[in-house]
Amino acid sequence: MALRNGCLRRISRFLPHIYSGSHFQQSRRAIINSLASSLITFPRECEQISRNGVNFSFSTIAQASPAESLSQSDTLSFIESTFNEFQGPHHLWFNIVEDNIHFFKRGGAFLVLAGRFVDNCDSLIAGCGTVVTFEKVKSIQQSFPQLQVIGFLHGCSTISAVDQTRLVEMLMKEYITFPILLSNKNFPQMENGACYLLSKDFGNARVFHENSLDIGMLNKAVEELIMQQQENSSSPSGLKCTWAKQAEVLKEPHACSSVRNLLLHFPGCISADESGNRLFLSDSNHHRIIVFDGNGKILDCIGSCPGFEDGEFESSKLMRPAASFYHEDDDCLYIVDSENHAIRRADMGRRVLETVYPTSGISKKNNSLWAWIMEKLGFERDNDTKSEKLDPQSLIFPWHLMKSEDDNLLIINRSFETLWIMDLASGEIKEAVKGFSNVLEICGVLVMEKVSLLKQMPQDWLLHQIDSSCSLKELPYAGLISSSIAFQNHILLCDIVGQRIMRLNRESGVCSNFQFSNFAILGLPYWFAFPLERVYAVAGGHQGSWTDHIQRCSLLPGRIDIKVNVDIPSDTELVESLQEGCIWRQARGTASVVLRAEDVAGSLEKVGVAQLWYDELDTLALSTPESESNIEDETTTSDLRSEDDTVHIDCAVNTSPGTSEVIISAALYLKLRRYPDQQDHSREKYAARISDILKLGRSGAMQRDSFIQFLLKSNQDLRDVIFVKPLHVSIQFDTLDHPKADNSKDIILTDSNIEVNVSLNT
């Protein structure tokens, strides 16, 4: 992490300050054009919602009468009429940014998934049908990033906070990024099941019913519509007017954004290297693999942010990693990259992530310095955006991973309907097996070994997990086979309800939470870290974040030493002292960041911004990885002091005449403080306090209430919950002209000191 931050600091000094509001959706490789021919009846998730309906907070509305029911032709018109309003008399949007009323383009191709696809929340044990259905929609969405996908649930009148939490859990579990529209109106033509409405500019729609759907036909219809739209488009196809690289604007489930501030976000799978005393946790919805030892000390982290990119651990990208397998002979970790439909290999010795499958595209990219700079600036020409027709053996949303006795990798999807057999040496898929019974015939012994391990866990723990996993009626614990591991004298289980790791001592039978430490290895979380290309792509550099403190100063040019004093929220305590790896300093305009006095020792000659650009580029081009590592080892010794309730962050900048801004971001790992004489142990109070500290009320009452219910669903002591409190401080300088010396030729540089006091109390 320190090496990554160092490179970004140096690069950021010579990048131009450019703003742009245009963003493109990520172009990803095409998904297989034809899924299984046998279709599973569209699932009904949320029985309680079916009974209660949807209750909008703004009013009480009776269910629409049959006379008010709209015709098929009016369905799309109704959906379009809701585009500029988050909620109204007859609708409520879910899984979108609440204050963004223009979240859709008026024109373009639309695919609406309509019907009661969430009416059995009390029976998620049969949720594998849901997995298959959403995988179909997501595959089309990924194949055609220009397509705007919407979920539409009609005929609702009330919804409680508990129901909202169930919806959030479903979106988190299935990783649904498209918005869902809830309405109290009835549409009789969709009462017989779900259907897909495909239209251009919300004109005449082609209707595909779930009970007779040919997914290949739907995929072809979408492709034809997209091609027709591109032919009619007057804009040149080869031009890109954005500084935001496509891979950096990936969509994530907005309804789950509050949960991602927890230490873990859907910890889906775990594996172990017992001889090396290492565990590998797939923190799936944080898109990273956390490497830690048997005592919980974090040793390393694989993956920087969502995406698909090979390279060193700090810069590589994963998209919802799932199961993993450690190969001791090669000291490599094989990872299922679920949303990328790929198998990745992490060389633990070289700390490099590579793609095993698929073998084309990403693995062949140019790794030169100039190519890296152009790619980060968004100028790289994408040669892999054309659709590829993949064979039926291609991976589609894989999840589980095991190794057979004949050195083959056995890869299974979450519904256990498909097994891929991959040659470990070549990465070639040898066979794809369809059907649950056929899958168990090949790997049933390995699955049952995992199930027998799970049965040693307390039954109440397992039942709690089954409700939130894809488990089969024939084999209830099958969905958890990648979520547990035997390690030394313990059994570890991923708790996807409580977002934690549970540990069972096999001898004593004592169950406990697994405690982590050394959070500096995780660095600054990507969702509020201002990556290099986002800092310069968004005006102000603060998109999607709140600034906790803004301070403006008018000073003379020269060195400015900044001391930031941060009062952490009351009733909380730091899990461990703030480390340098959890801090990001960014200077823009006429300022440049230096951490220590030694960094600016030497000539005090005033240097222009253009000269700095060339000097830094030369330094970066001629530097070696070894020298960069040595530099970072020195700079990470900066003095960071933490008291019980106050954190101190030091920063120094050199300024020239003009305006500039220094942005300081940090990740504070906190938990609620325990008081020995405290008598009120209300879990509701603890959950509300965590929500207030994270300021979830800014995202709307719905998200705050659903987050509180989400925490309460876990049976753990909420004072043990570790969460990340983001810190954003903006210091803006108006630097005056240089004072003139007596001879009127020389310039005078001054040293200044400022102190910034920040309070995070709510």
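Rules and cut-offs
- Residues take numbers from 1 onward in each chain, read along the sequence in its written order.
- Residues qualify for local features only when their pLDDT is at least 70, as the model is predicted, and side-chain atom pairs are given and counted only at 80 or more; totals for whole chains, interfaces and linings, by contrast, use all residues.
- Side-chain numbers come from the whole structure's heavy atoms, not from hydrogens or water.
- Helix and strand definitions follow DSSP, with helices as H or I runs of at least four residues and strands as E runs of at least two, each counted in order from the N terminus.
- Buried residues are those whose accessible area, probed at 1.4 Å on protein chains only, stays under 20% of the maximum for their type, while exposed residues exceed 50% and partly exposed ones sit between those limits.
- Contacts: residue pairs with any heavy atoms within 4.5 Å of one another.
- Note on areas: Shrake-Rupley with a 1.4 Å probe; residue coverage comes only from the protein chains shown.
- Throughout, an axis means a line fitted to C-alpha atoms (over the contacting stretch in the case of helices), and angles, computed between N-to-C directions, take values from 0 to 180 degrees.
- Working rule for angles: under 35 degrees goes down as roughly parallel, over 145 as roughly antiparallel, 65 to 115 as roughly perpendicular, anything else as oblique.
- Crossing handedness is defined as follows: a turn of the near helix away from the far one that is anticlockwise and smaller than a right angle gives a left-handed crossing, while the clockwise case is right-handed.
- The residue classification treats Ala, Val, Leu, Ile, Met, Phe, Trp, Tyr, Cys and Pro as nonpolar and Asp, Glu, Lys and Arg as charged. All others, Gly included, are polar.
- To form a nonpolar core, buried Ala, Val, Leu, Ile, Met, Phe, Trp, Tyr and Cys residues must be joined to one another through side-chain atoms within 4.5 Å.
- Per residue, pLDDT measures the predictor's confidence, with a range of 0 to 100.
- Any two strands with at least two DSSP bridges between them are considered paired.
- Two aromatic rings, drawn from Phe, Tyr or Trp (for Trp, its six-membered ring), form a pair once their centres lie within 6.5 Å of each other, and the interplanar angle then sorts them: stacked below 30 degrees, edge-to-face above 60, tilted otherwise.
- The rule is short: NZ of Lys or CZ of Arg within 6 Å of the ring centre and within 35 degrees of the ring normal puts a charge over the ring.
- Computed over the protein atoms alone on a 1 Å grid, cavities are sets of points where a 1.4 Å probe fits but cannot get out and pockets are open sets with protein on both sides within 12 Å along at least five of seven lines; a residue lines them when it has an atom within 4 Å of a point.
- Grid points are joined across faces, edges and corners, and a volume is the space filled by probe spheres set on the points.
- The term salt bridge refers to a pairing of a side-chain nitrogen on Lys or Arg with a carboxyl oxygen on Asp or Glu at a separation within 4 Å.
- Expected span, for any helix, means 1.5 Å times one less than how many residues it has.
- Take the seven residues that end at a residue and the seven that start at it, fit an axis to each, and the angle between those axes is the bend at that residue.
- The disulfide definition used here is simple: a pair of cysteine sulfur atoms within 2.5 Å.

Per an unreviewed UniProt entry, the chain is named NHL domain-containing protein, and its organism is Citrus sinensis.

(A) Geometry of the overall build of the chain. Across its full length, the chain holds 14 helices and 34 strands. The burial tally for the chain puts 57% of its 762 residues in the buried class. If you take every contact in the chain between residues at least 6 apart in sequence, the share linking residues at least 24 apart comes to 74%. Carbon and sulfur atoms make up 49% of the accessible area of the chain, which amounts to about 31600 Å² in all.

(B) How the structure looks around the packing of helix α13 (residues 683-693) against helix α14 (residues 701-713). Remark: α13 packs on α14, axes separated minimally by 9 Å, with the N-to-C direction vectors making an angle of 135°. Here α13 lies oblique to α14, going by the angle between them. The element α13 and its partner α14 pack so that their crossing is right-handed. Across the interface between the two elements, R683, E684, A687, A688, I690, S691 and D692 from α13 touch R704, F707, I708, L711 and L712 from α14. Considering only residue class, the contact of α13 with α14 consists of 7 nonpolar, 1 polar and 4 charged.

(C) Quick look at the nonpolar core. Core analysis: the biggest nonpolar cluster contains 150 residues, and I79, F516, I562 and F733 have the highest contact counts within it. Considering each element in turn, this core owes the most residues, 12 residues, to strand β32 (residues 646-672). When near neighbours in sequence (up to four residues on either side) are disregarded, I79 contacts W93, V112, I150, F152, L181 and F202.

(D) Inspection of unusual backbone geometry at higher detail. Cis geometry is found at the peptide bond from Y357 to P358, where omega equals -5°. Checked against the element boundaries, P358 lands in the loop between β18 (352-357) and α7 (369-376). A positive phi angle, near 55°, is found at F266, a position not held by glycine. Within the secondary structure layout, F266 lies in the loop between α6 (215-232) and β8 (267-273).

(E) Inspection of the confidence of the model for the chain at higher detail. Summary statistics for the chain give a mean pLDDT of 77 and a share of 69% for residues scoring 70 or more. Counting interchain partners and residues more than four positions distant, the pLDDT-below-50 stretch residues 8-70 has 198 contacts. In the predicted structure, residues 621-639 sits below a pLDDT of 50 and forms 22 contacts with residues beyond four places in sequence or in another chain.

(F) Local environment of the sheet that holds strand β24 (residues 490-495). The antiparallel open sheet is built from 4 strands, whose spatial order is β23-β24-β25-β26. Looking at the sheet topology across the chains shown, the edges are occupied by β23 (484-487) and β26 (511-513). Within this sheet the neighbouring strands show an average axis-to-axis angle of 25°, counted without direction. The sheet contact formed by β24 and strand β25 (residues 500-505) spans 6 bridges and is antiparallel. When the sheet's bridge partners are listed, I491 is paired in β25 with L504. Strands β23 and β24 of the sheet are contacted by helix α8 (residues 436-454), whose axis makes an angle of about 75° with β23.

(G) Up close: the packing of aromatic side chains. For the structure on display, the rule yields 13 aromatic pairs. Judged by centre distance (5.4 Å) and plane angle (80°), the ring pair of F83 and F202 falls under edge-to-face. On the criterion of sequence distance, the pair formed by F83 in the loop between α3 (72-81) and β1 (87-88) and F202 in the loop between β6 (195-200) and β7 (206-209) is long-range, its members being 119 residues apart. A residue is classified by how much of its surface remains accessible, and F83, at 2% relative accessible area, is buried. On the accessibility criterion, F202 (8% relative accessible area) is buried. Ring pairs connect the aromatic residues F83, W93, F110 and F202, which therefore count as one cluster. If you follow R414 out to its NZ or CZ, it ends over the ring of W399, 5.4 Å from the centre.

(H) A look at empty space enclosed by the protein. Taken as a whole and judged by the stated rule, the model has 15 cavities of 30 Å³ or more. The space that makes up the largest cavity amounts to roughly 260 Å³. Forming the walls of the largest cavity are 20 residues, and the residues nearest its centre are Q499, R500, D720, V721 and I722. Only β25 and α14 provide two or more residues apiece to the lining of the largest cavity. Here the residues of the lining of the largest cavity sort into 12 nonpolar, 6 polar and 2 charged.

(I) Region of the structure containing the pattern of salt bridges. For the structure shown, the criterion picks out 29 salt bridges. A salt bridge links R351 to E314, with the nearest nitrogen and oxygen atoms 3.0 Å apart. Taken together, the residues span a long stretch of sequence, with R351 in the loop between β17 (342-347) and β18 and E314 in the loop between β13 (311-312) and β14 (317-318) at a distance of 37 residues. Look at R351 and you get partly exposed, because its relative accessible area is 25%.

(J) Fine view of α8. Helix length check: α8, at 19 residues, gives a terminal C-alpha distance of 20 Å against a target of 27 Å (1.5 Å per residue), a shortfall beyond 12%. Within α8, the axis deviates most sharply at C443, by approximately 80°. Those residues of α8 that sit buried are F436, V439, C443, G444, V447, V451, L453 and L454.

(K) Broad picture of the pairing of β25. The element β25 is extensively covered by neighbouring structure, given that 5 of its 6 residues are classed as buried. Here β24 folds back onto β25 in antiparallel fashion, the turn holding 4 residues, of which Q499 has a positive phi close to 55°. In this structure, β25 lies alongside β26, joined through 3 bridges in antiparallel fashion. The residue bridging R503 from the neighbouring strand is S512, located in β26. Between the end of β25 and the start of β26, which pair antiparallel, lie 5 residues, with G509 showing a positive phi angle near 75°.

(L) Geometry of the state of the cysteines. Tallied over the full model, the rule gives 0 disulfides. Distance from the sulfur of C494, which forms no disulfide, to the nearest cysteine sulfur (C269) is 6.7 Å. On the accessibility criterion, C494 (1% relative accessible area) is buried.

(M) Focus on the environment of S554. For S554, the position within the fold is in strand β27 (residues 549-555). Classification of S554 as partly exposed rests on a relative accessible area of 49%. Considering only alpha carbons, one finds S554 and F733, 179 residues apart in sequence, at a separation of 5.7 Å. If near-sequence neighbours (up to four positions away) are discounted, S554 is found in contact with D734 and L736.

(N) View of helix α5 (residues 161-174). End to end, α5 covers 20 Å across 14 residues, agreeing with the expected 20 Å (1.5 Å per residue, within 8%). The buried fraction of α5 amounts to 12 of the 14 residues, a majority that puts the element mostly inside the structure. Looking only at α5, the buried set comprises D163, Q164, T165, R166, L167, V168, E169, M170, L171, M172, K173 and E174. Residue Y175 follows α5 closely and has a positive phi angle near 55°.

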